Amino acid sequence: MTRKQLPQPDRAEIRVEAVLQALGEPVRLQIVRALADAPEGIACGEIELPVTPSTRAHHLRTLREAGVLTTHTEGTRRISSLRRDDLDSLYPGLLTGVLSAAQ
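What you see is a predicted model; the values in this text were computed from it and never measured. (Residues numbered from 1 in each chain as written. Predicted model: local features only at pLDDT ≥ 70, side-chain atom pairs only at ≥ 80, totals over all residues. Heavy atoms only, no water.)

## Looking at the sheet that holds strand β2 (residues 42–43)
Strand order across the open sheet formed by 4 strands is β1-β3-β4-β2, with antiparallel pairing between neighbours. Each edge of the sheet is formed by a strand with only one pairing partner; in this case those strands are β1 (3–5) and β2. Two elements, β2 and strand β4 (residues 77–82), share 2 bridges in a ladder whose sense is antiparallel. By the bridge assignment for β4, isoleucine 42 is matched with serine 80. Helix-sheet contacts for helix α2 (residues 26–36) involve β2, β3 (69–74) and β4, and the interaxial angle to β4 is about 85°. (Pairing = 2+ DSSP bridges. Helix = DSSP H or I, 4+ residues; strand = E, 2+ residues; numbered from the N terminus. Contact = heavy atoms within 4.5 Å. Axes fitted to C-alpha atoms, helices over the stretch in contact; angles between N-to-C directions.)

What follows is the structure, encoded as structure tokens:
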């Protein structure tokens, strides 16, 4: 099966301002929490969200473009996973703090 990586910033291009803005939206934070529990990644449609499919796609794209997650295709499915190594390297403790904050 062919895997295709969707466009995303390189590690050096990830900016804290974009990461914080992406994490500052409740639905996107819900996505990040779901991905934190699934290091192997999750197909986009498998994350329970209170939004329409087009809004879900917008939130996933925003997180990917900010460098918070990576997405690749597997056949017709899009699999997303957190870029935890990149974020922990660039901004130590940021993701851990966000994920441990009260829900």
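## Some remarks on the environment of glutamine 8
Here glutamine 8 is to be found in the loop between β1 and α1 (16–23). Between the alpha carbons of glutamine 8 and valine 68 there is a distance of 9.3 Å; along the sequence they are 60 residues apart. For glutamine 8, the residues in contact, after removing those within four places along its chain, are Arg64, Leu69, Thr70, Thr71 and Arg83. Side chain to side chain, glutamine 8 and threonine 70 meet in a polar contact 2.7 Å long. (Polar contact = N/O pair within 3.5 Å; in protein donor to acceptor, adjacent residues only side chain to side chain.)

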